[in-house]
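Descriptive structure summary
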Amino acid sequence: ETIEEVQRSGKEPTCVGRLRFEAAGPDRNLTFRILVEPIRVRWNQLPSWWHDYPKGDVHRLVAAVEANLQRREPLGQSDTIGFVRQLAITGDPRAIPVLRKAVRHQRLSLRIDAALALHALGDPDGVSALIHDYQHCPIDETDFHILKALECTHDPRADAIVAEKRAAEAKREQEKGDRIREGLCVSCGGSLGFVDKLAGRQSHKRCS
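Attention here is on the structure that accompanies the text. (Residues numbered from 1 in each chain as written. Predicted model: local features only at pLDDT ≥ 70, side-chain atom pairs only at ≥ 80, totals over all residues. Heavy atoms only, no water.)

**Let's talk about the environment of Ala-160**
With respect to the helices and strands, Ala-160 occurs in helix H8 (residues 156-181). Assessed through its relative accessible area of 47%, Ala-160 is described here as partly exposed. Expressed as a C-alpha distance, the spacing of Ala-160 and Leu-150, which sit ten residues apart in the sequence, is 9.9 Å. (Helix = DSSP H or I, 4+ residues; strand = E, 2+ residues; numbered from the N terminus. Buried < 20%, exposed > 50% of the residue type's maximum accessible area, 1.4 Å probe, protein only.)

Rendered as structure tokens:
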């Protein structure tokens, strides 16, 4: 579409890329280059914990992540997580191989961000890695963090898992409310004893 056609349509144009102009050489014999940088569409909204990360050099970041993954001590990977987020923001697919290594790391927080970074670069393995961690996650708190990451992707596979989880939580809350109204133990559903009711407990002492 020409600029005139866009103006006549009255619609806001969609940005699909950036142009950069470079000039090099002596004053009388300049060489000009036009560099086209496509804008890769990630998801609707970046995770809130990714805001304000700068866009760094891909080669340097890949080398840094590669080196950090070789550490004998798996903990203390906060700097690696920062590098991974920067790689996602670059939109450069050359980061995909090292991110695939990062999703197999021992530390879950690093795996989550590496999976989101893969998703940001258009690799479907990112969401698959998040789903795998969610399905094999034994701790409720960790379960919560993976769910938040899945929500960020806006991927149909992730949306289905999140919806199922929310429905199960709503059902449990409904059952809990029903048991409280009926004077039953919140945990097992059995009748509460006189001592339990006198103490104001919502579940048997043995269940709490």
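There's plenty left to go through after this.
**Focus: the side chain of His-105**
Assignment of secondary structure puts His-105 in the loop between helix H4 (96-102) and helix H5 (108-120). A distance of 2.9 Å separates a polar atom in the side chain of His-105 from the backbone nitrogen of Arg-107. (Polar contact = N/O pair within 3.5 Å; in protein donor to acceptor, adjacent residues only side chain to side chain.)

**A closer look at unusual backbone geometry**
Positive phi outside glycine occurs at His-154, with the angle close to 55°. Along the polypeptide, His-154 turns up in the loop between helix H7 (140-153) and H8.

**Some points on the nonpolar core**
With 42 residues, the main nonpolar core has Leu-87, Leu-99 and Leu-150 as its most contacted residues. If you list the elements that add at least two residues to this core, you get helix H2 (58-69), helix H3 (78-90), H4, H5, helix H6 (125-135), H7 and H8. Counting residues per element, this core draws most heavily on H5, which supplies nine residues. Setting aside residues no more than four positions away along its own chain, Leu-99 makes contact with Val-84, Leu-87, Ala-114, Ala-117, Leu-118 and Leu-121. (Core = buried A, V, L, I, M, F, W, Y, C linked by side-chain atoms within 4.5 Å. Contact = heavy atoms within 4.5 Å.)

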